[in-house]
Amino acid sequence: MNARSLFRTPPPPVALEITSRHVAAVVLHGGGGSIRVAAYAVEPLPEGAVVPALNSPNLVHAREVEQAVRRTFERLGHRPRRVGLVIPDAAAKVSFVRFERIPARRSDLEEMVRFQVRKAAPFRIDDSQVAYCRGSRLSEGHEFVVVQARRDIVAEYELVCQAAGAAAGAVDLATLGVVNAVLAAGGVPDGDWLLIHVSADAASLVIMRGDAPVFFRHRGADGDGHLSDLVHQTAMYYQDRLGGRGFSRALVSGRLPESRSGAGRAALEARLRVPIDQIDPTRAVPLADRITPGWELVDALTPAIGLSLAMRMGT
């Protein structure tokens with residue numbers, strides 16, 4: 001994907017993620033095949049400080065979040081004036097639209113995209129920020145991936161960064177940041193592949209066709225069914241609606257539930273008929289201190305690393 005941000009300017013030096021549980025930030029140095037994580041920091045957040053949602057305030061205790069962002073910058077040893085910002089998947093809506101023809105003028109295309117997503121948006125299109133990029137290639141027409149979020153909710157996340165001294169120069173969603181980490185750090189897997197992003201309070205699934213997403217689904221912890229149900233529904237949709245012939249790979253970021261829940265690794269692998277590999281972008285983008293990180297740290301840094309790599313590559 002090559003334009004996921006809700007808005008974009010020249011790449012900031014720091015990528016920062018705000019979740020319901022923590023604030024995480026990374027600084028990358030180097031270039032070519034020698035990029036490394038020069039600095040990183042993770043600061044916990046009090047429970048209930050951030051409540052990700054599509055249509056209601058997210059930062060319940062903005063002052064506490066601002067303080068965590070400040071502490072994160074202090075631990076980085078770097079006080080940036082601008083950051084790339086990663087926000088929770090639940091704060092935005094991802095959809096796919098298709099057109100038989102693409103107009104020559106970008107303004108006309110943007111109007112067509114906004115008209116299409118207006119139909120299913122749970123809020124006024126005029127009150128939202130909309131970003132889109134080309135999706136998979138179709139035999140007839142063109143598909144676009146669209147990210148839409150309420151402007152005031154995005155502003156909540158931007159304002160705590162601003163209060164801590166940094167303006168947001170790009171905004172991305174957590175799971176799309178993980179996709180970026182896979183594409184930038186590990187290359188494009190062959191064929192169709194599945195990415196599962198599990199956080200403390202939600203799960204998102206993305207079906208990729210090469211380097212283009214063709215399906216995105218997010219479910220909060222309060223949604224119906226376990227992760228196994230979500231994976232099963234996604235696999236059925238893939239076969240029935242997307243002409244899927246099987247995944248070449250399945251990747252996971254985060255911790256899969258224990259097997260007693262019915263959504264353990266073995267059960268999911270049996271349903272998908274392919275092993276599930278853990279994502280570790282630090283294999284390609286190592287930490288500068290050469291310390292082998294634990295899985296908790298890798299998971300916490302992956303979305304920010306993905307956005308930072310994407311910004312560096314101009315995607």
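Bear in mind the structure is a predicted one, so any value in this text is a computation, not a measurement.

A. Quick look at the packing of aromatic side chains. Enumeration over the complete set of coordinates arrives at 4 aromatic pairs. Considering the side-chain rings of Tyr132 and Phe144, the 6.0 Å spacing of their centres and the 75° angle between planes classify their relative orientation as edge-to-face. Of this pair, Tyr132 sits in strand 6 (residues 128-137) while Phe144 sits in strand 7 (residues 142-150), placing them 12 residues apart in sequence. No difference in accessibility class separates Tyr132 from Phe144, as the two residues are buried. Relative to Phe247, the ring of Tyr238 lies with its centre 4.2 Å away and its plane at 15°, an arrangement referred to as stacked. In this structure Tyr238 comes out as buried when scored by relative accessible area, which is 2%. Residue classification places Phe247 among the buried residues on the basis of a relative accessible area of 11%. Residue placement shows Arg255 over the ring face of Trp295; its charged tip is 4.0 Å from the ring centre.

B. Local environment of the nonpolar core. Residues Leu16, Ile18, Val65, Leu85 and Tyr157 are the most contacted members of the largest nonpolar core, which totals 49 residues. Counting residues in each nonpolar core, the second largest holds 22 residues, with Ala203, Leu242, Leu272 and Ile276 among its members.

C. Inspection of the sheet that holds strand 6 at higher detail. Read across the sheet, 3 strands follow the order 5-7-6 without closing on themselves; strand pairing throughout is antiparallel. Here the strands that pair on one side only, and so sit at the sheet edges, are strand 5 (93-99) and strand 6. In this sheet, neighbouring strand axes are inclined to one another by 25° on average, regardless of whether the strands run parallel or antiparallel. Pairing of strand 6 with strand 7 involves 8 bridges; the strand directions are antiparallel. Opposite Tyr132, over in strand 7, you have Val146 as the bridge partner. Strands strand 6 and strand 7 of the sheet are contacted by helix 3 (residues 151-163), whose axis makes an angle of about 70° with strand 7.

What counts and how
Residues numbered from 1 in each chain as written. Predicted model: local features only at pLDDT ≥ 70, side-chain atom pairs only at ≥ 80, totals over all residues. Heavy atoms only, no water. Phe/Tyr/Trp six-rings, centres within 6.5 Å; stacked < 30°, edge-to-face > 60°. Helix = DSSP H or I, 4+ residues; strand = E, 2+ residues; numbered from the N terminus. Buried < 20%, exposed > 50% of the residue type's maximum accessible area, 1.4 Å probe, protein only. Lys NZ or Arg CZ within 6 Å of the ring centre and 35° of its normal. Core = buried A, V, L, I, M, F, W, Y, C linked by side-chain atoms within 4.5 Å. Pairing = 2+ DSSP bridges. Axes fitted to C-alpha atoms, helices over the stretch in contact; angles between N-to-C directions. Contact = heavy atoms within 4.5 Å.

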